[in-house]
Each structure stands twice: as C-alpha cells, then as structure tokens.
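Residue-level structural notes
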Amino acid sequence: MPNPKRRHSKARGRLRRTFYKLEPLQLGKCPQCGKAKMSHRICPHCGYYKGKQVVVIKTVDEKQKEREKKRTKT
Ligand SMILES: [Zn+2]
C-alpha cells in the first residue's frame, strides 16, 4: 500500500480546505411574480415556468383543509 512519506503541516491542509467554501446561490427574478427563484426551475412562489402555470402552489391553509378532509373520510 502506498503511504505518504511525510506528514504535511497544518497550514498545508488548511490551505487546501480554503477552496471548500460554499458560494451563494445565483438567484434570478421570476418574470411572473418578481420574487427570487433559481434559474431553470419552477418558481416556488407562483408555480410558473416559461410563462405558463406548471404546478399549483397551495397555501398553508389549503394544505390544512385537505388534511382535515382526509381525516374525516377515514
Ligand atoms: Zn413566480
């Protein structure tokens, strides 16, 4: 098994790890609602993509109502 001949310094390891940092997300504006959204993805605020509504975004209230409906059915 190949092994490193010498241990390298703390500084060397730390210097390597300086390149590990995260970059902030590159967010664009939604042309439909103007809120920040990731490019090439459906807008999480209005559900539009390429000028068409692709998914229906439910509000918290709507989700709760659906949950209650499911409970009453069973
Ligand atoms: Zn939008």
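Preceding this section is the structure that the text describes.
This text gives an overview of the structure that appears in the document. As the structure is a prediction and not an experimental result, all values here were calculated from the model.

How each quantity is defined
Residues numbered from 1 in each chain as written. Predicted model: local features only at pLDDT ≥ 70, side-chain atom pairs only at ≥ 80, totals over all residues. Heavy atoms only, no water. Donors = N, O, S within 2.8 Å, 3.2 Å for Na, K, Ca; no water. Tetrahedral: all angles 85-135°; square planar, octahedral: opposite > 155°, others 65-115°. Buried < 20%, exposed > 50% of the residue type's maximum accessible area, 1.4 Å probe, protein only. Salt bridge = Lys/Arg side-chain N within 4 Å of Asp/Glu carboxyl O. Helix = DSSP H or I, 4+ residues; strand = E, 2+ residues; numbered from the N terminus. Lys, Arg positive; Asp, Glu negative; His and termini not counted. Polar contact = N/O pair within 3.5 Å; in protein donor to acceptor, adjacent residues only side chain to side chain. Contact = heavy atoms within 4.5 Å.

1. Re the coordination of the zinc ion
Protein coordination at the zinc ion comes from Cys30 (SG), Cys33 (SG), Cys43 (SG) and Cys46 (SG), with a distance range of 2.2 to 2.3 Å. With four donor atoms in place around the zinc ion and angles of 106 to 116 degrees between them, the coordination shape is tetrahedral. Donor residues binding the zinc ion come from one chain and are separated in sequence as C-x2-C-x9-C-x2-C. Among the residues examined, cysteine 43 registers a relative accessible area of 0% and is labelled buried. Since its relative accessible area comes to 15%, cysteine 46 is described here as buried.

2. Digging into the pattern of salt bridges
This model, assessed by the stated rule, comprises one salt bridge. For lysine 58, the salt bridge identified is with glutamate 66, shortest N-O distance 3.3 Å.

3. A closer look at the side chain of lysine 37
As for its position among the elements, lysine 37 is in strand 2 (residues 36–38). Despite its burial, lysine 37 pairs with no opposite charge, the nearest such side chain being glutamate 23 at 18 Å. A distance of 3.0 Å separates a polar side-chain atom of lysine 37 from the backbone oxygen of arginine 41. Beyond its immediate chain neighbours, meaning those up to four positions away, lysine 37 contacts Leu27, Gly28, Cys30, Cys43 and Pro44.

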